[in-house]
Amino acid sequence: MSTIRGARERARIEVTAAIKDEARKQLAEEGAAKLSLRAVARELGMVSSALYRYFPSRDDLLTALIVDAFDAIGAVAERAAGERAETVPPVPPAERWITVACAVREWGLAHPHEYALIYGSPVPGYIAPMDTVGPASRVGLVFIDIVRTASRAEDLAVPSLAPELRSDAERMAAEFAPDVPPAAVAALVAAWAQLFGLISFELFGQFNRVVEAREPLFRQAAGDLARSVGLRAVKP
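Residue numbers restart at each chain and count upward from 1, following the sequence in its written direction. Residues qualify for local features only when their pLDDT is at least 70, as the model is predicted, and side-chain atom pairs are given and counted only at 80 or more; totals for whole chains, interfaces and linings, by contrast, use all residues. Side-chain descriptors were evaluated using all non-hydrogen atoms of the structure, hydrogens and water having been removed beforehand.

Once that is clear, we can look at the side chain of glutamate 22. Inspection of the secondary structure assignment puts glutamate 22 in helix α1 (residues 2–30). It turns out glutamate 22 is buried and unbridged, and the closest side chain with the opposite charge, lysine 25, is 4.2 Å from it. Sequence-distant contacts of glutamate 22, that is, excluding residues within four places in its chain, are made with Val40, Glu43 and Leu44. We count a stretch as a helix when DSSP gives it H or I for four or more residues in a row; a strand needs E for two or more, and each element gets its number in order from the N terminus. Any residue under 20% of the maximum accessible area for its type is buried, any over 50% is exposed, and the rest in between are partly exposed; the area is computed with a 1.4 Å probe on protein chains only. Counting rule for charge: Lys and Arg are taken as positive, Asp and Glu as negative, and neither His nor the chain ends is counted. Note on definitions: salt bridges are taken to be side-chain nitrogens of Lys or Arg within 4 Å of carboxyl oxygens of Asp or Glu. Contacts: residue pairs with any heavy atoms within 4.5 Å of one another.

This paragraph deals with the pattern of salt bridges. Counted under the stated rule, the structure contains 16 salt bridges. Among the ionic pairs, aspartate 59 bridges to arginine 58, the shortest N-O distance being 2.8 Å. The partner of arginine 105 in a salt bridge is glutamate 202, and the shortest N-O contact between them spans 2.9 Å. Here arginine 105 is found in helix α5 (residues 93–110), whereas its partner glutamate 202 is found in helix α9 (residues 182–203), with 97 residues between them in sequence. Overall, the relative accessible area of 9% leaves arginine 105 in the buried class. Judged by relative accessible area, which is 12%, glutamate 202 ranks as buried. Several salt bridges converge on common partners, so that one network encompasses Lys20, Asp21, Arg24, Asp68 and Glu114.

Before going further, it helps to spend a moment on the packing of aromatic side chains. Each Phe, Tyr or Trp ring (for Trp, its six-membered ring) is paired with any other whose centre lies within 6.5 Å, and the angle between the two planes then decides the class: stacked below 30 degrees, edge-to-face above 60, tilted in between. In total, this model carries eight aromatic pairs according to the counting rule given. Relative to tyrosine 119, the ring of tyrosine 115 has its centre 5.0 Å away and its plane inclined at 45°; by these criteria the two rings are tilted. Separated by four residues within a single helix, tyrosine 115 and tyrosine 119 lie in helix α6 (residues 112–119), roughly one turn from each other. Taken as a pair, tyrosine 115 and tyrosine 119 share a single burial class, namely buried. Three or more aromatic residues joined by ring pairs make a cluster, and in this case those are Phe70, Tyr115, Tyr119, Trp192, Phe196 and Phe204.

To continue, consider α6. Along an α-helix, a turn takes 3.6 residues, which lines up residues three or four apart on a common side. Among the residues of α6, Glu114, Tyr115, Leu117, Ile118 and Tyr119 are the ones counted as buried. End-on view of α6: buried residues confined to an arc of 165°, all on one side of the axis. The directions considered for the arc run from the helix axis to the C-beta atoms.

We define a nonpolar core as any set of buried Ala, Val, Leu, Ile, Met, Phe, Trp, Tyr and Cys residues linked to one another through side-chain atoms lying within 4.5 Å. By size, the foremost hydrophobic cluster in this structure holds 71 residues, and its most contacted members are Trp97, Val100, Phe143 and Leu231. The biggest single contributor to this core is helix α4 (residues 58–85), with 12 residues. Once residues within four sequence positions are removed from consideration, valine 100 is found in contact with Ala77, Ala80, Ala81, Val142, Phe143 and Ile146.

Among all residues except glycine, the phi angle is most often negative; among peptide bonds, the trans geometry is most common. Phi angles above zero are rare outside glycine, and glutamate 154 is one such case at about 55°. Its location among the elements puts glutamate 154 in the loop between α7 (133–152) and α8 (166–176). A relative accessible area of 73% means that glutamate 154 is categorised as exposed. In this model, arginine 209 sits at a positive phi of 65°, which is unusual for a non-glycine residue. The residue arginine 209 is located in the loop between α9 and α10 (214–228) in this model.

This is the structure we're talking about:
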């Protein structure tokens, strides 16, 4: 009985992977708004009713793709941060920040349609469930950990904070970085948004005929943003 159950589980994993792969092809060709379970089933030679046993609705399939994308980019960020943390002597936090930012950019350029799914325009009619929150937080938590490390080492130049932002900064710090100064948390949120804005500009064509040296521009901007959250300057 266990052998049969194991075979069924393996078959389910394989079919699930095939459905996701075909759905990603549709994302590339048609965009997330036009993702169709019927079209996926047709391309795989399945009847729609069979596919519904794996994903009851289009939104369930979208959620699975979104979670996979967030997990993939999160793993890239975590790996980049971990590799730089294990060197001897330790890499300065600002260098780790730049390394992670560049790794995230490289993933986005290599996976444009998955990047667009999680950081592009919202899919009409789709509301992301709580299942996506944890995976979506992974990249941000890596940057928070870098700032936290500098703060614990008393090597963080806490940025200024406008009085109007004090309440928001304290709330954000209490929610996801209680051991980081609120001013640094507010600056970190702004820097996080700007990093992804730079990636999106490059990926979606806003830099066309404007910026040619895009990797150097991004690296320099990442260094500037590292300093904006209080990480010490590094040599170019």
